[in-house]
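Analysis of the macromolecular model
Below are the chains, spelled out letter by letter.
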Amino acid sequence: MDIVTRKPIVWLWCLTRMTRGKETFQASGVRYLLQWTWSRRQDSPELLVNAAFSLRHFFMATYFNKHTLCIAVALILIGRGAASGQAAASSDRADCEDTAFATAEKLRLEASPEAHLKALELYQKAWRCNLEPAPSLKAAEILLGMGRVQITMNNNPEAQANLAASLETFHQIVSKPIQVQNEEAVAAFNLAKTLSRLGHIDEALPLYNQAREVFHRLQDTPKEAFTLEELGLASFLMGENQSALEYFSQAMRRLDNLGAHNEERRRVDISDMRGRVYAAMNEPELARHYFQDALVTAMRIHYRAFVAYTLNDLGLLLLKQNKPSAAARYHRKALNILNRYNPEETDGIAETEAYLASCQAASGRYDSAIKTYQHALLLQQESRDLIGQAETHLSLGLAESASHQVESALQSLQNAAELYRRTHERDGESSARFEMAKIYALRGEDALARSEVMAAIKLAEEVRGFVPGPSLRITSFTSLEKMYRFEIDLLLKNQSSISASDQFLAFDLLQRAQSRTLLEALQHGKPADYLAFGGEILARRIELLQQLKEANQKLAWQLRNKSSPEIVDQTFIEVKRLEASLDQLDAEAQLRQPRMSIISPITISVPAIQQELLDEKEALVQFYLSSPASYAWIITRSGTQLIALPARELLKQQVRNAVNFGEAGQWTNAQGRALARLDRSMRPVFAAVQSTRWIVVPDGPLYSFPFALLSMTGKTEREIIKIPSASSVLALRSTNSGARAVYKLAVFADPVFDPEDSRVHALRPRAKTSPTQTAVLRHQKRQSNDNGSYPRLPNTSEEASLISAFVPREQRVSFLGFAANLEAIADNALSNFKIIHFATHSLVDDRHTELSRIVLSLVTKEGTARPGYLLLKDIYRMNLSSDLVVLSSCRAAAGAEGAGEGPMSLSRAFLFAGSRAVLASVWETNDEVTAKWMGQFYRHMLRENLSPLDALARTQSEFRRHRDSRLRNPYYWAGFELYGDWQGR
């Protein structure tokens, strides 16, 4: 089948794809034009050639998407194929083709717009002269040339159509010498570049890789380096920073291997991009290094535009570090260079002026900043840069607000919100509306303030969780949490007249102010079935999140590059469809796996708490710390109260002073005074109702405060348990409700951490080690991630013996020494135990939360290294059916505090894994005293058959009055708290 008969099939298939499921006026009109043009193919072949170009222009201008691209490609190929039947014999055509093509190739390499326009005309002339009936190299080359010159002219949709047709033609050529293979790779590369410009980064990546493989195979190092650079840029835009850095490094190595200096501009580009990646990763020193390297080289080779852009990068880095004066100097230099050497770069000049204005505003020079912002706006309006205008209006509004020009600020923020709305930039619109809400609140217009903040929250929630990368998601949610708290503050603004409905609404908002960042961080890059979330659902969720991530990145790219409204609308609709699918999937997952409530923003009503969680003797207190006042909701079976408390900063200081132990855990007089003040602050809460059992949902610094300390003030002793949220208790009670443990107790104690441990030496002869080797080993220990070896905890063996004595031999398993290893936990082995006890070291990683860990045996009996870290992310994968997990280790209840979600601790991970409750400490522990403490606790719980909460209260009371005065120190007994469900199965 030749191209004349085969390509109409392609055309018909494309037309069907375009009109499938939706008959539009455009589609039906296009069908008529195509059918009429095809019917005239024998009478007037030139008509079809010209119609192909005309219709392609129509598609590019009005109805561009993947399907119309397919039709445009088909039209190009149909036109030349049909016309060939009439005119293939003309020798003049060949001369016409060669002459026009050769001249066009020369003009394409020139810099002037006039040369590019003339080149395009000549390529089109050569195309009309090329009438070979079969796919030809010349046809592919002409289409490639047209596409490349259209990229230079920023005619990206037309470039995409021609490059796709060129690549299709190259594919059909059977015999391909090296030069043709290279040209085909160039077509793939340029098509990928065009797709990236149009926001289709996900479609561009495989084409880049295809081109890269060919260039590598053909040893075309310059083109391979260029392709690697573009892959790095695409990865950066996709939020894959590490991949981007690797691609940039590979590109730089390729350029270094060339040893030539004609690629120095490329080196500048790569250095600058490396700096931008490190800046995004909050590594300012590395970013500055690469920016300076790019700047020095750009100045030396007179790459003036890039000198300006790199100066701007350095300025932004300094502004981020709160150095506005130094940043302004860089931006002024950049502005001078652009005005002098690149005055046609209107967008770049406007952007630089906006940066300079931000420096002026950060220095308190608001009048100057406002004038500079206004001038930048004029330039952006001339170039129709809508996103740039929106960003400048937002910054202008903030500067006007800071200088008390309230009406002007509101107008600027309204302009920003409207521009963001028109371009579907929801994050920006959310920020603008939140700033408007702040102004209305300052003016006392609370109704308008609430209206705007509610709109801001709705927009932010649509984006929430879909930002690429855990660190960016945390940053994103920090802003959202501020919005929730702002609305809560509005509702609770007038302490003397807060209605019951506003109290309940504020309580509901506080529950929503929780983040999914932990779930996303744990989920990132892991197998689809590792959480106790149904494997099928999680696989679908990960796939949806990836699609949504790509769609949002595509949308952002299209907005930045001023794509047509039709293209932007199409992508926005796709984003909304994916978001709706994800919401539906999350609802399904919540029904199938209730424990998701522990780390998801699920709310529960006050009546449900009263009816389903509490009995007559219990009270739930939800804290909310803010300024100028904090609050606590007291919920009992029979009623609710809202109690006003001191401001957050005061409570934070009181907590910090109360837990600030002296050397070696010494209790100080200053702590006593701080505790007395904190007791007075908390007294209205615990005096509100007569209850001895309190279920506490902390907030802010109260997460790290053990409420048992308040018993030292001499007031009535209370049973206190902490929970992540009210809804989490329902999740705990429904999780594994039908599971039954086979054994009562599993104990992990006294692991072997070091090959120098005497237990290792007892099993094998001591190897002779020279003084030099010994010094090297010690140095390696000091340089390890954990600052050397872990000290042995010999008292944990005694602790294990004391605990085990309360359980029949056949109902317990002890994992001691070498046996306290990861293999004992594999394959959900701990799901068979009712109580699980870890007496070992634990470490909290404040920087990388998912790497917090429990330390088990790190060496074998022979002294060789073995894996021994039970990581927090691995705990979330476990499936437990335990009533209680006891973490007899340091700071197991502590952790980095995520926005709105409390500490991401080991104790919380075990709750998610399926344990009904966890006993853990908020501070360091002493293994000698802890062994005695645990013996008492287990005696009350197992021999006297008390609940874990009752046993905890009894043990702490006994130590508070201990006959050994040293053990009365709260450092030894107050740090342990119970988390989770206070009722047994």
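About the cut-offs
Residues numbered from 1 in each chain as written. Predicted model: local features only at pLDDT ≥ 70, side-chain atom pairs only at ≥ 80, totals over all residues. Heavy atoms only, no water. Helix = DSSP H or I, 4+ residues; strand = E, 2+ residues; numbered from the N terminus. Buried < 20%, exposed > 50% of the residue type's maximum accessible area, 1.4 Å probe, protein only. Contact = heavy atoms within 4.5 Å. Areas by Shrake-Rupley, 256 points an atom, 1.4 Å probe, with all protein chains shown as cover. Pairing = 2+ DSSP bridges. Axes fitted to C-alpha atoms, helices over the stretch in contact; angles between N-to-C directions. Salt bridge = Lys/Arg side-chain N within 4 Å of Asp/Glu carboxyl O. Parallel < 35°, antiparallel > 145°, perpendicular 65-115°, else oblique. Left-handed = near helix turned anticlockwise from the far one by under 90°. Nonpolar A, V, L, I, M, F, W, Y, C, P; charged D, E, K, R; others polar. Expected span 1.5 Å × (residues − 1). Patch = residues over 30% accessible without salt bridge, like charges linked within 9 Å, V, L, I, M, F, W, Y side chains within 5 Å. Lys, Arg positive; Asp, Glu negative; His and termini not counted. Charge placed at Lys NZ, Arg CZ, Asp CG, Glu CD. Core = buried A, V, L, I, M, F, W, Y, C linked by side-chain atoms within 4.5 Å. Phe/Tyr/Trp six-rings, centres within 6.5 Å; stacked < 30°, edge-to-face > 60°. Lys NZ or Arg CZ within 6 Å of the ring centre and 35° of its normal. pLDDT = per-residue confidence, 0-100.

1. Considerations on the overall build of the protein chain
Helices and strands together make up the secondary structure of the protein chain, namely 39 helices and 16 strands. Taken across its 985 residues, the protein chain has 55% of its residues classed as buried. Long-range contacts, defined as pairs at least 24 residues apart, comprise 68% of the intrachain contacts of the protein chain with a sequence gap of at least 6. A total of about 42600 Å² of accessible surface is found on the protein chain, and carbon and sulfur atoms cover 51% of it.

2. Thoughts on the sheet that holds strand 8 (residues 833-839)
Reading across the sheet, the 11 strands line up as 3-2-1-4-5-16-15-12-8-6-7 and stay open at both edges, with mixed pairing between neighbours. Lying at the two open borders of the sheet, with one neighbouring strand each, are strand 3 (640-645) and strand 7 (812-816). The sheet shows a mean angle of 20 degrees between the axes of neighbouring strands, direction not considered. Along the sheet face, helix 24 (residues 500-512) touches strand 1 (618-624), strand 2 (630-636) and strand 3 and points at about 100 degrees away from the line of strand 2.

3. Let's talk about the pattern of salt bridges
Tallying each qualifying case throughout the model produces 35 salt bridges. Salt-bridge contacts for Glu 429 lead to Arg 433; the nearest nitrogen and oxygen are separated by 3.1 Å. With Glu 429 and Arg 433 both in helix 21 (residues 426-442) and four residues apart, this pair spans about one turn of that helix. What makes Glu 429 buried here is its relative accessible area of 7%.

4. Regarding the packing of helix 13 (residues 264-280) against helix 15 (residues 304-320)
Contact pair helix 13 / helix 15: the axes reach a minimum separation of 11 Å and the direction vectors enclose 15 degrees. Between helix 13 and helix 15, the angle falls in the class roughly parallel. The element helix 13 and its partner helix 15 pack so that their crossing is left-handed. On the side of helix 13, the interface is formed by Val 268, Asp 269, Asp 272, Arg 276 and Ala 279, while helix 15 contributes Phe 306, Thr 310, Asp 313, Leu 317 and Lys 320. Broken down by class, the residue content of the contact of helix 13 with helix 15 amounts to four nonpolar, one polar and five charged.

5. Here we look at helix 21
Here helix 21 spans 25 Å end to end across 17 residues, near enough to the 24 Å set by a 1.5 Å rise per residue. Burial analysis of helix 21 places 12 of its 17 residues in the buried class, the great majority of the element. For helix 21, the full list of buried residues reads Arg 426, Gly 428, Glu 429, Ser 430, Ala 432, Phe 434, Glu 435, Met 436, Ala 437, Ile 439, Tyr 440 and Ala 441. Within two residues after helix 21, Gly 444 carries a phi angle of roughly 80 degrees, on the positive side.

6. Points about a positive patch on the surface
On the surface, Arg 329, Arg 332, Lys 333 and Arg 365 cluster together into a positively charged patch. With respect to the helices and strands, Arg 365 occurs in the loop between helix 17 (346-362) and helix 18 (366-382). Residue classification places Arg 365 among the partly exposed positions, given a relative accessible area of 42%.

7. Digging into the sheet that holds strand 10 (residues 853-855)
One open sheet holds the three strands; their spatial order is 9-10-11, and the pairing between them is antiparallel. Edge positions in the sheet fall to strand 9 (842-843) and strand 11 (869-871), since each has one partner strand and no second. Strand direction decides the pairing type here: strand 10 and strand 11, joined by three bridges, are antiparallel. Its bridge partner being in strand 11, Ile 854 is matched across the sheet by Leu 870.

8. Overview of the packing of helix 9 (residues 178-197) against helix 11 (residues 221-237)
A packed helix pair is summarised by two numbers, namely the angle formed by the two axes and the spacing between the axes. As a packed pair, helix 9 and helix 11 sit with axes 11 Å apart at the nearest point and diverge in direction by 20 degrees. As the angle between them shows, helix 9 and helix 11 are arranged roughly parallel. Of the two possible hands of crossing, helix 9 and helix 11 adopt the one that is left-handed. For the pair helix 9 and helix 11, the contacting residues are Asn 182, Val 186, Phe 189 and Lys 193 in the first and Lys 223, Phe 226, Thr 227 and Glu 230 in the second.

9. Considering the nonpolar core
Residues Phe 623, Phe 838, Phe 910 and Tyr 938 are the most contacted members of the largest nonpolar core, which totals 147 residues. Beyond its immediate sequence surroundings of up to four residues, Tyr 938 is in contact with Leu 745, Ile 803, Phe 806, Ile 835, His 837, Val 886 and Arg 943.

10. A short note on the side chain of Asp 313
Among the structural elements, Asp 313 can be located in helix 15. Here Asp 313 is in contact with Asp 272, Arg 276 and Phe 291, once residues within four sequence places are set aside.

11. Re the environment of Gln 321
Mapped onto the secondary structure, Gln 321 falls in the loop between helix 15 and helix 16 (324-341). Looking at Gln 321, the relative accessible area reads 26%, which means it is partly exposed. Apart from the residues within four sequence positions on either side, Gln 321 is in contact with Pro 284 and Arg 288.

12. Quick notes on the pairing of strand 12 (residues 884-887)
Across the two faces of strand 12 the burial is the same, with Leu 884 and Val 886 and Val 885 and Leu 887 all buried. Bridge count between strand 8 and strand 12: four bridges; the pairing is parallel. The partner of Phe 838 across the bridge, within strand 12, is Leu 887. Taken together, the two bridges between strand 12 and strand 15 (residues 917-921) define a ladder with parallel strand orientation. The partner of Val 885 across the bridge, within strand 15, is Val 918.

13. With respect to unusual backbone geometry
Look at the link from Ser 627 to Pro 628: it is a cis peptide, with omega at 10 degrees. By the secondary structure assignment, Pro 628 is in the loop between strand 1 and strand 2. The phi torsion at Gln 219 lies on the positive side, around 60 degrees, for a residue other than glycine. Relative to the helices and strands, Gln 219 resides in the loop between helix 10 (201-217) and helix 11. In the Ramachandran plot, Ala 664 falls in the positive-phi region, its phi being about 55 degrees despite a non-glycine side chain. The residue Ala 664 is located in the loop between helix 29 (648-658) and helix 30 (669-686) in this model.

14. Brief notes about the environment of Leu 410
Checked against the element boundaries, Leu 410 lands in helix 20 (residues 406-422). For the pair Leu 410 and Met 436, spaced 26 residues apart in sequence, the C-alpha separation works out to 6.2 Å. Ignoring anything within four residues of it in the chain, the contact list for Leu 410 reads Met 436, Ile 439, Tyr 440 and Arg 443.

15. A closer look at the packing of aromatic side chains
Scanning all chains against the criterion turns up 27 aromatic pairs. Measuring from centroid to centroid gives 4.9 Å for Phe 661 and Trp 923, while their planes differ by 80 degrees, and the two rings are edge-to-face. Pair noted here: Phe 661 is in the loop between helix 29 and helix 30 and Trp 923 is in the loop between strand 15 and helix 37 (927-943), with a separation of 262 residues, a long-range link. In this pair, the class of Phe 661 matches that of Trp 923, namely buried. Taking 5.0 Å as the distance between ring centres and 15 degrees as the angle between the ring planes, the aromatic pair formed by Phe 748 and Phe 838 counts as stacked. With a gap of 90 residues between them, Phe 748 in strand 6 (residues 743-749) and Phe 838 in strand 8 connect regions that are remote in the sequence. The exposure classification of Phe 748 matches that of Phe 838, with both residues buried. Among the aromatic residues, ring-to-ring pairing joins Phe 623, Phe 686, Trp 694, Phe 705 and Phe 707 into one connected group. For the cation-ring pair, Arg 304 lies above Tyr 341, with the distance from its terminal atom to the ring centre recorded as 4.0 Å.

16. Here's the deal with the environment of Arg 677
As for its position among the elements, Arg 677 is in helix 30. A residue is classified by how much of its surface remains accessible, and Arg 677, at 35% relative accessible area, is partly exposed.

17. Looking at the confidence of the model for the protein chain
When the pLDDT values of the protein chain are averaged, the result is 80; 77% of them are 70 or greater. Predicted confidence for residues 1-33 stays below pLDDT 50, and this span has 48 contacts to residues more than four positions away or in other chains. Considering only residues more than four positions removed or in separate chains, one finds that residues 516-533, a stretch of pLDDT under 50, has 64 contacts.

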